[in-house]
Amino acid sequence: FVSSMQFEENNPNQLIIDKLKVLSNHYQRMKDEWRTLSYRKAITAIKNQKEPITSYKEAIKIPGIGHRTAEKIAEIINTGNLKRLQHFSEGDEIIKKFGVGASTAMKWYAKGYRTFDDIIKNVKLTHAQRIGIEYFDDLQERIPRDEVTEISKRVKEAACKVDPDLSCTTVGSYIRGRPTCGDIDILVTKNGLDGKKDYGAFSKLLDILHEQGLLTHDLTQREETSSKYFGLCRLPGGKHRRIDMFIVPFNELGAALLSFTGNDIFNRSIRLLAKKKKMNLNHHGLYKNVSRGHNTKLNKGILIAQRTEKEIFDALGVPWR
Ligand code: DCP
Ligand code: MG
Ligand code: MN
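This report concerns the structure included in the present document. As the structure is a computational prediction, the values presented were derived from the model and not from experiment. (Residues numbered from 1 in each chain as written. Chains lettered and ligands numbered in written order. Predicted model: local features only at pLDDT ≥ 70, side-chain atom pairs only at ≥ 80, totals over all residues. Heavy atoms only, no water.)

Some thoughts on the packing of aromatic side chains
Keep this limit in mind: Any pair of Phe, Tyr and Trp rings, taking the six-membered ring for Trp, is counted once the centres come within 6.5 Å. Such a pair is stacked with planes under 30 degrees apart, edge-to-face with planes over 60 apart, and tilted for the rest. Secondary structure elements follow DSSP: runs of H or I of four or more residues count as helices, runs of E of two or more count as strands, with numbering from the N terminus.
Summed over all chains, the structure comprises four aromatic pairs. When the ring of Phe-116 is compared with that of Phe-136, the centres are 5.0 Å apart and the planes differ by 70°; the resulting orientation is edge-to-face. Of this pair, Phe-116 sits in helix α8 (residues 116-122) while Phe-136 sits in helix α10 (residues 136-140), and the two are 20 residues apart along the sequence. An aromatic cluster of at least three residues, connected via ring pairs, comprises Phe-230, Phe-246 and Phe-260.

Below, the structure is given as structure tokens:
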């Protein structure tokens, strides 16, 4: 995973990666989890290749790449494109435009709705959906890394005003070093406060950010004990951006960092590794002696690590970098 990050932006197999991403995104929108995951695994495997792949034979040798994917890779190498992608575009455009899941989009399409105006007039939308439409153009764009840095800085400063012991860490694609981010993910904790979340401080932080005009719209209902906040934010004169904030107890920070750093594929694979060792890893911690029935946990097990990422990696026997 770490080595894949280093080649993300200019990979000798970038064309193959780009085409397979279109495929995987298509299947994700279609809610075909199996195909989505298998193409994403293939993409990760290809990102780790340091040399250009030049044939079916070379592709099939790469672990994580099966016959069908290897065939598609060969087609991309030989033709510069994937015929399959042409057939996808129409349905995909509709889904992209409406910004909803495939089944809802198809239902609306079947009723003859083609534009946002059609939707606004005819469908009873939730608050979050209305905002999604209103700021559609802004929200389609990925956020330049520098802007995430600036927004994070402002959140940190506001947090410090609420309580100097509040600490904020920007996680997700940002902490993975990506040049652009889909949204801004921030973990908040109060230094030294174990076993509890300071909901009051979290809520005050959100209030201040609203007063400053950094937060512009809430997508989640604000409740007294909510640990999650989803909303929109904006720098003066800038575009509207999606922001997610989470508050966690100090003792769980390591487990939360690990799980909110991702990416999602990495989380699945490290959780599977834990499972193979009769452990269970979630965003609260790592537990051992977990007994499982068919697919279900019979007991929660014993907590063995949660405070730092390193402790968790050590307990799993995975080198921490
Ligand atoms: N996450 C996960 N499984 C999911 C969704 C998220 O494990 N299905 C974890 C890993 C992600 C983190 O939460 O890295 C943040 O989720 P985001 O959806 O914000 O994804 P990223 O920040 O990784 O990417 P993006 O740049 O698209 O926001
Ligand atoms: Mg994110
Ligand atoms: Mn997010």
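Back to the text.
A look at the coordination of the magnesium ion (ligand 2)
Worth spelling out the cut-off: Distances define the donors: N, O and S atoms within 2.8 Å of the metal qualify, as do those within 3.2 Å of Na, K or Ca. Water is excluded, so some sites may look unfinished. The classification of residues rests on relative accessible area computed with a 1.4 Å probe and restricted to protein chains. Under 20% of the type maximum is buried, over 50% is exposed, and intermediate values are partly exposed.
Within the protein, the magnesium ion (ligand 2) binds to Asp-183 (OD) and Asp-185 (OD); these donor distances fall in the range 1.9 to 2.1 Å. Here the manganese ion (ligand 3) and the magnesium ion (ligand 2) are spaced 3.5 Å from one another, each receiving a donor from Asp-183. Comparing Asp-183 with Asp-185 shows no difference in burial state: the two are buried.

Considering the pairing of strand β2 (residues 166-170)
For clarity, the threshold we go by: At least two DSSP bridges between two strands are needed for those strands to be called paired.
Because side chains alternate across β2, one face comprises the buried residues Leu-166, Cys-168 and Thr-170, and the other comprises Ser-167 and Thr-169, none of which is buried. Taken together, the five bridges between β2 and strand β4 (residues 184-190) define a ladder with antiparallel strand orientation. Bridged to Cys-168 within β4 is Val-188.

Structural notes on the coordination of the manganese ion (ligand 3)
Looking at the manganese ion (ligand 3), one finds its protein donor set to be Asp-183 (OD), Asp-185 (OD) and Asp-244 (OD), positioned 2.0 to 2.4 Å from the metal centre. Taken in sequence order, the residues that donate to the manganese ion (ligand 3) follow the motif D-x1-D-x58-D. We classify Asp-183 as buried; its relative accessible area is 18%.

Points about the sheet that holds β4
What counts, and what does not: Lines fitted to the C-alpha atoms define the axes, with helices restricted to the stretch that makes contact. Angles between their N-to-C directions range from 0 to 180 degrees. Here, residues are in contact when the closest pair of their heavy atoms is within 4.5 Å.
If you trace the five strands from one edge of the open sheet to the other, you get β2-β4-β7-β6-β5, paired in mixed fashion. Both outer strands of the open sheet, β2 and β5 (215-218), are each paired with one neighbouring strand and no more. Averaged over neighbouring strand pairs, the angle between their axes works out to 30° when direction is ignored. Note that β5 and strand β6 (residues 228-233) share three bridges and pair antiparallel. Bridge pairing links Leu-215 to Cys-233 in β6. On top of the sheet, helix α11 (residues 145-162) reaches β2, β4, β6 and β7 (241-247); it is set at about 170° to β2, its chief contact. In this fold helix α14 (residues 253-261) packs onto β2, β4 and β7, with an angle of close to 175° to the strand it touches most, β4.

Notes on the nonpolar core
Operational definition: As used in this record, nonpolar core signifies buried Ala, Val, Leu, Ile, Met, Phe, Trp, Tyr and Cys residues forming a set joined through side-chain atoms within 4.5 Å.
Grouped together as the largest cluster of nonpolar side chains are 28 residues, with contacts concentrated most on Val-155, Val-188, Ile-243 and Met-245. Listed by contribution, the elements that provide at least two residues to this core are α11, β2, β4, α13 (199-211), β6 and β7. Sequence-distant contacts of Val-188, defined by excluding residues within four places in its chain, comprise Leu-166, Ser-167, Cys-168, Phe-202, Leu-205, Met-245, Phe-246, Ile-247 and Val-248. Core analysis: the next-biggest nonpolar cluster, separate from the first, contains 20 residues, Leu-20, Leu-23, Tyr-27 and Leu-85 among them.

Things to note about the packing of helix α3 (residues 33-47) against helix α5 (residues 67-79)
Applied cut-off: Here roughly perpendicular refers to angles of 65 to 115 degrees, roughly parallel to angles under 35, roughly antiparallel to angles over 145, and oblique to all remaining angles. Handedness of a crossing is defined here by the sense of rotation of the near helix relative to the far one, left-handed for an anticlockwise turn of less than a right angle and right-handed for a clockwise turn. When residues are sorted by character, Ala, Val, Leu, Ile, Met, Phe, Trp, Tyr, Cys and Pro go into the nonpolar class, Asp, Glu, Lys and Arg into the charged class, and all the rest, Gly among them, into the polar class.
Where α3 contacts α5, the axes come no closer than 11 Å and their chain directions differ by 60°. The pairing of α3 with α5 is recorded here as oblique in orientation. For α3 against α5, the interelement crossing comes out right-handed. Within the contact between the two elements, α3 uses Arg-35, Tyr-39, Ala-42 and Ile-46 and α5 uses Arg-68, Thr-69, Lys-72 and Ile-73. Partitioning the contact of α3 with α5 into residue classes produces four nonpolar, one polar and three charged.

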